[in-house]
Amino acid sequence: MPFLHILPDVGMNYTFNRPLLDGESPARLKELSAIAPRIKDYDSWYSVWLEVAKKAEAEKRYLDAASYYHGAEFYLPAGDVRNGLYDDFARNWALGMKDVAGYERIAIPYPGGHLPGFRLQAKGKERSTFVFTGGYDSFVEEFYNFLLPLTELGITVIAFDGPGQGGALRQGIYMDHAWEKPAKAAIDYFKLDAVDWLGASCGGYMSIRAAAFEPRIKHIISMPTSYSGLDMTLKQMRPGKAQELVSLFKAGDRKGTEAVVAEERLPSSVFEWCIVQGMHITGTKTPFDFLTSIAKSSLDGILQNVKQDILLTEGEQDHLFDIGWIHRTMRELVCARSVTSRIFTAREGAEQHCQLGNSAVARHAIVHWLGSFYPGMPVGEGTQVTSIAA
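If you're wondering where the values come from, they're calculated on a predicted model, not measured in any experiment.

Conventions and cut-offs
Residues numbered from 1 in each chain as written. Predicted model: local features only at pLDDT ≥ 70, side-chain atom pairs only at ≥ 80, totals over all residues. Heavy atoms only, no water. Helix = DSSP H or I, 4+ residues; strand = E, 2+ residues; numbered from the N terminus. Rg over C-alpha atoms; globule rule 2.2 N^0.38 Å. Areas by Shrake-Rupley, 256 points an atom, 1.4 Å probe, with all protein chains shown as cover. Contact = heavy atoms within 4.5 Å. 1 Å grid on protein atoms, 1.4 Å probe; cavity = no way out; pocket = protein on both sides within 12 Å on 5 of 7 lines; lining within 4 Å. Points joined across faces, edges and corners; volume = space filled by probe spheres on them. Nonpolar A, V, L, I, M, F, W, Y, C, P; charged D, E, K, R; others polar. Pairing = 2+ DSSP bridges. Axes fitted to C-alpha atoms, helices over the stretch in contact; angles between N-to-C directions. Parallel < 35°, antiparallel > 145°, perpendicular 65-115°, else oblique. Left-handed = near helix turned anticlockwise from the far one by under 90°. Expected span 1.5 Å × (residues − 1). Buried < 20%, exposed > 50% of the residue type's maximum accessible area, 1.4 Å probe, protein only. Polar contact = N/O pair within 3.5 Å; in protein donor to acceptor, adjacent residues only side chain to side chain. Core = buried A, V, L, I, M, F, W, Y, C linked by side-chain atoms within 4.5 Å.

> I'm lost on the overall build of the protein chain in this one. Help?
Tallying secondary structure elements over the protein chain gives 16 helices and 8 strands in all. The C-alpha radius of gyration of the protein chain comes to 20 Å, within 12% of the 21 Å expected for a compact globule of 390 residues. Principal-axis analysis of the C-alpha atoms places the extent of the protein chain at approximately 55 × 55 × 45 Å. In the structure as shown, the protein chain presents an accessible area of about 15200 Å², 54% of it carried by carbon and sulfur atoms.

> Hey, could you run me through the environment of Ala-122 in this one?
Position of Ala-122 among the secondary structure elements: in the loop between strand S2 (113-120) and strand S3 (128-133). The spacing of Ala-122 and Ile-208 is 86 residues in sequence and 25 Å in space, taken between C-alpha atoms. The residues touching Ala-122, leaving out its near neighbours within four places in the chain, are Thr-151, Gly-154, Ile-155 and Thr-156.

> Explain empty space enclosed by the protein to me, please; I cannot follow it from the model alone.
Picture a little ball the size of a water molecule; that probe, rolled over the atoms, points out where space is still empty. Summed over all chains, the structure comprises 5 cavities of 30 Å³ or more. Within this model, the second largest cavity holds a volume of roughly 150 Å³. Taken together, the residues of the lining of the second largest cavity break down into 8 nonpolar, 5 polar and 3 charged.

> Explanation requested: the sheet that holds S2 in the structure shown.
Taken together, the 8 strands give an open sheet; going across it, the order is S1-S2-S4-S3-S5-S6-S7-S8, and neighbouring strands pair in mixed fashion. Of all the strands in the sheet, the pair left with one neighbour each is strand S1 (103-110) and strand S8 (338-344). Here the average twist between neighbouring strands, direction ignored, is 20°. Summarising the sheet, strand S7 (residues 309-315) and S8 pair through 7 bridges and their orientation is parallel. In the strand pairing of S8, Thr-313 is matched with Arg-342. Most of the contacts of helix H9 (residues 203-213) go to strand S6 (residues 217-223), to which it runs at about 160°, and overall it touches strand S5 (195-200), S6 and S7. Across the sheet, helix H15 (residues 324-332) touches S7 and S8, and the angle it forms with S7 is around 165°.

> Explain the packing of helix H3 (residues 42-58) against helix H4 (residues 62-73) to me, please; I cannot follow it from the model alone.
For any two helices packed against each other, the geometry is given by the interaxial angle and the distance between the axes. Their axes nearest at 8 Å, the elements H3 and H4 cross at an angle of 165°. Taken together, the axes of H3 and H4 lie roughly antiparallel to each other. Crossing of H3 against H4: the hand is left-handed. Every residue of H4 that contacts H3 at Trp-45, Tyr-46, Trp-49, Leu-50, Val-52, Ala-53, Lys-54, Ala-56 and Glu-57 is listed here: Tyr-62, Asp-64, Ala-65, Tyr-68, Tyr-69, Gly-71 and Ala-72.

> I keep staring at H3 and nothing clicks. Help me out?
Look at H3: 24 Å from first C-alpha to last across 17 residues, which is about the 24 Å you get at 1.5 Å a residue. Those residues of H3 that fall on the buried side of the exposure criterion are Tyr-42, Ser-44, Trp-45, Val-48, Trp-49, Leu-50, Val-52, Ala-53, Ala-56 and Glu-57. For H3, the N-terminal capping position is held by Asp-41, with its side-chain oxygen 3.2 Å away from the main-chain nitrogen of Asp-43. Of the residues flanking the end of H3, it is Lys-60, one or two places downstream, whose phi is positive at about 60°.

> I keep staring at the environment of Arg-38 and nothing clicks. Help me out?
Mapped onto the fold, Arg-38 is located in the loop between helix H2 (26-35) and H3. Judged by its relative accessible area of 40%, Arg-38 falls in the partly exposed class. Separated by 10 residues in sequence, Arg-38 and Arg-28 place their C-alpha atoms 16 Å apart. Arg-38 has contacts with Ser-44, Val-48 and Glu-51, leaving out every residue within four places of it along the chain.

> Mind showing me how you'd approach the nonpolar core here?
Most often, soluble globular proteins keep nonpolar side chains buried together rather than apart. Ranked by size, the top nonpolar core spans 128 residues in total, and within it Trp-49, Leu-147 and Trp-273 carry the most contacts. Considering every element that reaches this core, the biggest residue donor is H3, with 8 residues. Sequence-distant contacts of Trp-273, that is, excluding residues within four places in its chain, are made with Tyr-42, Phe-74, Tyr-75, Tyr-136, Asp-137, Met-232, Gly-278 and Leu-320.

> What is the right way to read the packing of H2 against H4 from this model?
For the pair H2 and H4, the least separation of the axes is 12 Å and the interaxial angle reads 40°. By the angle between their axes, H2 is oblique relative to H4. Of the two elements, H2 crosses H4, and the hand of that crossing is right-handed. Contacts from Arg-28, Glu-31 and Leu-32 in H2 reach Leu-63, Asp-64, Ser-67 and Tyr-68 in H4. Residues belonging to the contact of H2 with H4 are distributed by class as follows: 3 nonpolar, 1 polar and 3 charged.

Keep in mind that these numbers describe shape and distance, not what the molecule does.
Below is the structure:
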């Protein structure tokens, strides 16, 4: 589904497009286009998404309802209301996927509970096991349609919510910069000797961090590439303010840091979302404590440990990430077996964050890259689009 420019706010417009991530869905497009004029800010966003979610559930369009409940909870602060909407999402997703062949729910044991997700068995001869995790705000289920075509190429897919994500966060398992911990848990649980690993959005950092300490990860895809957990938040600040914030934060000036954050927290802004979402996933109560937690997510001093093959990607008009982060990462990948980068363009319709608008192009690039390690993989089939949306 081509990326739609339907809301004036860049952040809300991007999130508005997410239910159309992969595959043609005329019904969703029609339904969502009807509510767009009513969205003015985060409050109205919540109201209209909740309305369409309840309507879809009442009509037993469970997968649509699940996606819309995810939309409704997206900009809310941590608390009972947001937790309840996750439960609504999970209930509808389970109902919608109940009779889908080949979909296996998984629960990886982990301190504090489990890491929930799904497994998709390769069709025919299995060539590899491909592990997927998301990032700062995703539920792993929203990537089902993106991942499913990989099974036709002989790839078994294991996708799960890690600490700070989706169903793991719902259990109080908060974000952990040391992504090698959930990586080890997953690989051990499935008794695997070798895997390929894709991290999406802020998962781009997580995939690289995991591979630096987990040699059973053989091939890494960072989509897109993120170097530091602070970068995305700082990118959303007005000119000059990021430098001021970093100076105060590194000096340990809690009061000064909080003052700058408060000044930048414009209503319904992307920066406001970064702070609210960041406190949600890290389990912190103040912006300073959130920044302290997320700052630990950094590849500084780590990249020399990466010895695998790695693919770094980015979209040329990504509103959350910066192309420069790829260059910084490449310079420090001095021990990697091979380093490949791919910038997706507006001409391809894949210029947005995580290539929303033409994610099939990203999948095709990933498959072609993996094909160089798996002779005989039918890489020409990697762009097939599927949809389970009503």
